[in-house]
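A closer look at the structure
Residue strings, one per chain:
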Amino acid sequence: MIYSHEVENMCPVAQGVNHGCAPIPEEAKWVKAKDVKDISGLTHGIGWCAPQQGACKLTLNVKEGIIQEALVETIGCSGMTHSAAMASEILPGRTVMEALNTDLVCDAINTAMRELFLQIVYGRTQSAFSEDGLPIGAGLEDLGKGLRSQVGTMYGTLAKGPRYLEMAEGYVNAIALDAENMIIGYKFVNLGRMTDFIKKGMEPNEAYKEACGQYGRVTPEDGMVKLIDPRTDKEIEA
């Protein structure tokens, strides 16, 4: 270690106050984190790319400094999906410090990793007060039974109003309008369930019907005047 001439000529003064770092909450314990291996917790974070055309939600489950589980969800950019595929291979097994300084291919995923790192090392994880933290696999709970991201896709114009395209329940195939052309409900098909039915041998048309659902007032008895396809604007028979 090299000292400057000025420091070399300073007289030594004892450090009277040296109580160490403040403890942070980790999995229902108060930990004075000094090394990477002192870090544990599960948390989520959001990242975005420089042109802000896409975003990433990243979930990490860290045990003793090592990333044991990673969930990478992206939206808004087709290339991000391939970057997410690579990131899901890169992240598990790395320390949080390694992951912070590893190219995760996509700017949005790198930014999400930065935001998660800050949460983790400052003791702001989702499992900060959960005894023993959360088990490996907890990240999948965000996806539900169909293991699909919770996605909402809506579009609207001043001239023609809103269009519901996708809800958490699934792909919206019809929106219900009342006499004043206000949206009062929608019909949807859960693509994950439909695919599962087809994989089990069900005929596609039957699987489609089985995976369909509705929300709100979608019948004439409830005030629905017409159903329209939100993508083609064609009216659909009730």
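Along each chain, the written sequence defines residue order, and numbers are assigned to residues from 1. Confidence filtering applies because this is a predicted model: local features only for residues at pLDDT of at least 70, side-chain atom pairs given and counted only at 80 or more, and all residues used for totals across whole chains, interfaces and linings. Side-chain figures throughout are based on the complete set of non-hydrogen atoms in the structure, without hydrogens or water.

Think of a nonpolar core as a cluster: buried Ala, Val, Leu, Ile, Met, Phe, Trp, Tyr and Cys residues, connected wherever their side-chain atoms sit within 4.5 Å. Partly exposed describes any residue whose relative accessible area lies between the buried limit of under 20% and the exposed limit of over 50%, with all areas from a 1.4 Å probe on protein chains only and scaled to the type maximum. By size, the foremost hydrophobic cluster in this structure holds 24 residues, and its most contacted members are Cys56, Leu58, Leu60, Leu91, Ile109 and Met113. Helix numbering and strand numbering both begin at the N terminus, where a helix is a DSSP run of H or I of at least 4 residues and a strand a DSSP run of E of at least 2. Put simply, the parts of the chain that give this core at least two residues each are strand S4 (55-63), strand S5 (66-75), helix H2 (78-90), helix H3 (96-100) and helix H4 (107-121). Residue contributions to this core peak at 7 residues, all from H4. Non-local contacts of Leu91, meaning those with residues more than four positions away in its chain, are made with Leu58, Leu60, Ile67, Ala70, Ala99, Leu104 and Met113. The contact rule is simple, with two residues in contact once any of their heavy atoms fall within 4.5 Å.

Quick look at the sheet that holds S5 now. Strands qualify as paired when DSSP identifies two bridges or more between them. Within the open sheet, the 3 strands sit side by side as S3-S4-S5. Their pairing is antiparallel. Edge positions in the open sheet fall to strand S3 (41-48) and S5, since each of these has one partner strand only. In this sheet, adjacent strand axes meet at a mean angle of 15° when their direction is disregarded. Relative to S5, S4 is paired through 9 bridges, and the arrangement is antiparallel. Counted as the bridge partner of Ala55 is Ile75 from S5. Think of each axis as a best-fit line through the C-alpha atoms, taken over the contacting stretch in the case of a helix, with angles from 0 to 180 degrees between the N-to-C directions. Sheet strands in contact with H2 are S4 and S5, and its direction is about 175° off that of S5. Strand contacts of H4: S3, S4 and S5, with the helix running at about 140° to S3, the strand carrying the most contacts.

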